[in-house]
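Fold and contact review
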Amino acid sequence: MTDSKYFTTTKKGEIFELKAELNSDKKEKKKEAVKKVIASMTVGKDVSALFPDVVNCMQTDNLELKKLVYLYLMNYAKSQPDMAIMAVNTFVKDCEDPNPLIRALAVRTMGCIRVDKITEYLCEPLRKCLKDEDPYVRKTAAVCVAKLHDINAQLVEDQGFLDTLKDLISDSNPMVVANAVAALSEIAESHPNSNLLDLNPQTINKLLTALNECTEWGQIFILDCLANYTPRDDRESQSICERVTPRLSHANSAVVLSAVKVLMKFMEMLPKDLDYYGTLLKKLAPPLVTLLSAEPELQYVALRNINLIVQKRPEILKHEMKVFFVKYNDPIYVKLEKLDIMIRLASQANIAQVLAELKEYATEVDVDFVRKAVRAIGRCAIKVEQSAERCVSTLLDLIQTKVNYVVQEAIVVIKDIFRKYPNKYESVIATLCENLDSLDEPEARAAMIWIVGEYAERIDNADELLESFLEGFHDESTQVQLQLLTAIVKLFLKKPTETQELVQQVLSLATQDSDNPDLRDRGYIYWRLLSTDPVAAKEVVLAEKPLISEETDLIEPTLLEELICHIGTLASVYHKPPSAFVEGSRGVQHRRIPPRAGSVESAESPEVGQSGSSEAPPAVIPSQGDLLGDLLNLDLAPPTATVPSVQPSMQMGAMDLLGGGLDSLLGGDIGGSPSMGAGLGAAPTVMPAALGGAPAVGGGLGDLFDLGGGVGMPTGFYVVPKTLWLPAMKAKGLEISGTFARRGGIIQMDMSLTNKAMSVMTDFAIQFNRNSFGMAPAGPLQVLTPLSPNQTIDVSLPLSTNGPVMKMEPLNNLQVAVKNNIDVFYFSCQFPLSLLFVEDGKMERQVFLATWKDIPNDNEAQFQIKDVHLNSDAASNKLQGSNIFTIAKRTVEGQDMLYQSIKLTNSIWVLAEMRVQTGNPNYTLSIKCRAPEVCQFVYQCYEMVLKN
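What counts and how
Residues numbered from 1 in each chain as written. Predicted model: local features only at pLDDT ≥ 70, side-chain atom pairs only at ≥ 80, totals over all residues. Heavy atoms only, no water. Buried < 20%, exposed > 50% of the residue type's maximum accessible area, 1.4 Å probe, protein only. Helix = DSSP H or I, 4+ residues; strand = E, 2+ residues; numbered from the N terminus. Pairing = 2+ DSSP bridges. Salt bridge = Lys/Arg side-chain N within 4 Å of Asp/Glu carboxyl O. Core = buried A, V, L, I, M, F, W, Y, C linked by side-chain atoms within 4.5 Å. Contact = heavy atoms within 4.5 Å. Axes fitted to C-alpha atoms, helices over the stretch in contact; angles between N-to-C directions. Parallel < 35°, antiparallel > 145°, perpendicular 65-115°, else oblique. Left-handed = near helix turned anticlockwise from the far one by under 90°. Nonpolar A, V, L, I, M, F, W, Y, C, P; charged D, E, K, R; others polar. Patch = residues over 30% accessible without salt bridge, like charges linked within 9 Å, V, L, I, M, F, W, Y side chains within 5 Å. Areas by Shrake-Rupley, 256 points an atom, 1.4 Å probe, with all protein chains shown as cover. Lys, Arg positive; Asp, Glu negative; His and termini not counted. Charge placed at Lys NZ, Arg CZ, Asp CG, Glu CD. Phe/Tyr/Trp six-rings, centres within 6.5 Å; stacked < 30°, edge-to-face > 60°.

Here we take up the pairing of strand β8 (residues 824–830). The buried count for β8 comes to five of seven residues, which makes it a mostly enclosed element. Judged from the seven bridges that link them, strand β7 (residues 813–819) and β8 form a sheet pairing that is antiparallel. Its bridge partner being in β8, Q815 is matched across the sheet by S828. The turn joining β7 and β8, which pair antiparallel and follow one another in sequence, is formed by four residues.

Structure (structure tokens):
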């Protein structure tokens, strides 16, 4: 009978019976009982109560029983750490057992017991096993070091296990070498800056020697390690490639992909005119083709990797187009991936073959596949100019089939062909217009509307066609509404006399009857442009469009380089860098391909700075719900500056577009130009309430651009170092760290914006929630250039204190919303109150005395400032730099008494008395204020300024 019988019992009182059986004298009965315990544990029953009884069974020579007990121990040691210590002696003993299998089993189990109390007892047995005479024990011990490092890194370093692990790379047994490499790579991954794997030509030679004799997984560890090495020159690079090439014919696809990764990386260093370079290109094709004869799941992984390889080096597979032709029984995910690669490999030489194949696919039954095939025909037309005419006629044939989804996809790609080859294939527009009524998908409708608007002068009934779309304007998707608005404005600019009513109708629908802000804004901008300066409108709306590029879906080059270094891993399947989907504390290293021999680039990749500071952001961030209430109502356009008055003769169209946001664009009734605008009617002078713009802040352009680069900064004004305010993980790759400063009487918010995503970030804007002191941006967030991936930009935002006020908890909490082209992100930060201490805060002595008496004693708070090693004069000068003014000083019995005043931006006065005893580093501070809640924060400013 098989072991399945152990899983079928459901008796009650089982634990008690098992306990008795575990303590039986008969070995066979004991073994049966342990098997039952393991079976119960496997199906999820809690058998931790039997811990001491199972541990007692460890003292046995029977290897099977010992394995079962160790399995139980691994599972329950964490929940029973005190009991697990009982097993330590047995481990120590088993690590000296004459049987190497038992020694290895003991050391493997030790590594899996993740209990801090036990780890220190395991160091001695592990040290012996690392130097064991049997290679099986040594290779197991090598992996155990990596596991132990994960539990207690400091212990592993102190015990010198890392050095022992490095010595194992020179071991005579290839499996020990492979496991040592795997362990060191694992440890190095969690400590990116430690130079654990110190790869040099000698080490590389040892790894390449071990490569031929390892098991397949050992080979993968070694190949992955080689991929991280940067050869010194092209000769060393060629030598490594020659020794790795035989791995391409391995039966295991993981070994093949790891070898491809090494070769792809090292090829970069070989000169292209070298004979060996051409030979290597030829050798890379057959193993990749062979991967496509595996089962569909493996094919998909291979195809995702091939997709990257083809983008980097299309010449490797340029003669292998036929293997990517779709088979009738391929699953859809394989078909779509093959299609993608076919287009990447399409060239003038094979385009006829590819088009014939794609036309065949377009008659298949699988809708998704057919759609992709039709799109592929369009992409071929854009990629290979000579084939464009043939592609267009193929698309027209497909439109004649009248299959709805084929027609719609064809229209979408024909729009792209028009963008690539203007004034070349417009003769087909008539055929497209015949199919207007059958279009029901937003993308196809939008494409058709674009074609009608763009070529309105060639279509006699363009106004009727567009009017037919206008009838159900509010039922259309946003994409179609926006396209229709633009198309009708284009039509109006081309045929103004016939379409005045139509444009009036669409502008009214888009602005007054729509609640979509994008549509409304575009409508208002067109309305203002048309009613003030038709010439400018024509230049803007009918501007010559740039030709679209060949391949719009290519992976960005730096990301592609990184993904090539991760071939054969999940990153190469997702087409995303590991940092995008691996969470946790692991430092994910950004890898780059070494530059080609003789190139100016340095071979070393620049170190990517570790993000953030060790200090966590203040724990004052309210729940998202609290923030959203106010912040979602904010207008995130940059606050508008006071717009200078404009002479009526000036061309307002251009002026408004570049002015202060939509408010100024729409404000003011400006007469239309007689040629065209008069009949149209000027745009509404009053902006709808829903659009309400932010009030004007600050004093015109002077304020907006005066970022006060340190000019007039009081000497000694202390600025807190930047802290992490918004981590990249919470903001789709945007990381913000910052601080506050007061320079020349202006409050500045200094920020470093870092893009840790893979796409460019633009269109930054910022807004604050209401706060205790009415802090608000005094100008827009000036990010003048797009923020590229891995780039950091420092910006300084001037702040005013004229914003809306609401008491926050704590008082100095500031809730911020930052918008970019990706999303809106929210965070909270705390500012030092000294930011609000104004320069005219020095009180007259008599006023100080009268005010001190006038403020009730209940409002007085006392604090101790410890460990300040300054005399009273030095302290007074330092505090004055932060606008804390000393009014008087007197000395009583060796104690200096400083009387000080502070004025906040909201005109609250704070009075203080500071006692400084000579030789005593502890100051006593008494603070009086009519608003006692600020006292605590004023004390924090004193402490911050005096101690830094």
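From this point, the discussion proceeds with the structure in view.
Quick look at the pattern of salt bridges now. Evaluated as defined, the whole model comprises 36 salt bridges. As a salt-bridge pair, E236 and R232 come within 3.1 Å of each other at their nearest N and O atoms. The exposure class assigned to E236 is buried, which follows from its relative accessible area of 11%. R379 serves as the salt-bridge partner of D340, at 3.3 Å between the closest nitrogen and oxygen. Of this pair, D340 sits in helix α20 (residues 332–345) while R379 sits in helix α22 (residues 367–383); the two residues are 39 residues apart in sequence, bridging distant segments of the chain. Residue classification places R379 among the partly exposed residues on the basis of a relative accessible area of 23%.

A word on the nonpolar core. In terms of nonpolar packing, the biggest core is built from 213 residues, with Y72, F91, L126 and F418 touching the most fellow members. Discounting residues that sit within four places of it in the chain, F418 has contacts with Y425, E426, V428, I429, L432, W450, I451 and Y455. Residues M751, M761, I793 and Y923 belong to the second largest nonpolar core, which totals 66 residues.

Within the element layout of this structure, G278 appears in helix α18 (residues 275–291). Put simply, G278 and E315 are 37 residues apart on the chain and 9.9 Å apart in space, counted from C-alpha to C-alpha.

Attention now goes to unusual backbone geometry. In this structure, P810 follows E809 across a cis peptide bond, with omega equal to -5°. The residue P810 is located in the loop between β6 (792–800) and β7 in this model. Even without glycine at this site, K402 takes up a positive phi of about 60°. Following the sequence through the fold, K402 ends up in the loop between α23 (388–400) and α24 (404–420). In this structure, D867 takes a positive phi of about 55° despite not being glycine.

Taken together, the five strands give an open sheet; going across it, the order is β1-β2-β3-β6-β5, and neighbouring strands pair in antiparallel fashion. Strands at the two margins of the open sheet, each flanked by one partner only, are β1 (723–726) and β5 (776–777).

Our focus in this paragraph is the packing of helix α12 (residues 161–168) against helix α13 (residues 174–190). Between α12 and α13, the least distance of the axes is 8 Å, while the angle of their chain directions is 140°. Here α13 runs oblique to α12, going by the angle between their axes. Viewed along their axes, α12 and α13 form a crossing whose handedness is left-handed. On α13, the residues that touch L162, L165, K166 and L168 of α12 are V176, V177, A180, A183, L184 and I187. Here the residues of the contact of α12 with α13 sort into nine nonpolar, no polar and one charged.

Let us look at a negative patch on the surface. Side chains of E464, E467, E471 and E501 sit close together on the surface and give a patch of like negative charge. Its place among the elements puts E501 in helix α29 (residues 500–511).

Before going further, it helps to examine the packing of aromatic side chains. One pass over the full model with this rule turns up twelve aromatic pairs. Considering the side-chain rings of F848 and Y899, the 6.2 Å spacing of their centres and the 70° angle between planes classify their relative orientation as edge-to-face. Placement of the pair is F848 in helix α39 (residues 845–854) and Y899 in strand β11 (residues 895–903), with a sequence separation of 51 residues. Both residues of the pair, F848 and Y899, belong to the buried class. Members of the aromatic cluster, connected to one another through ring pairs, are W725, F740, F773, F827 and F831.

Geometry only, nothing functional implied.
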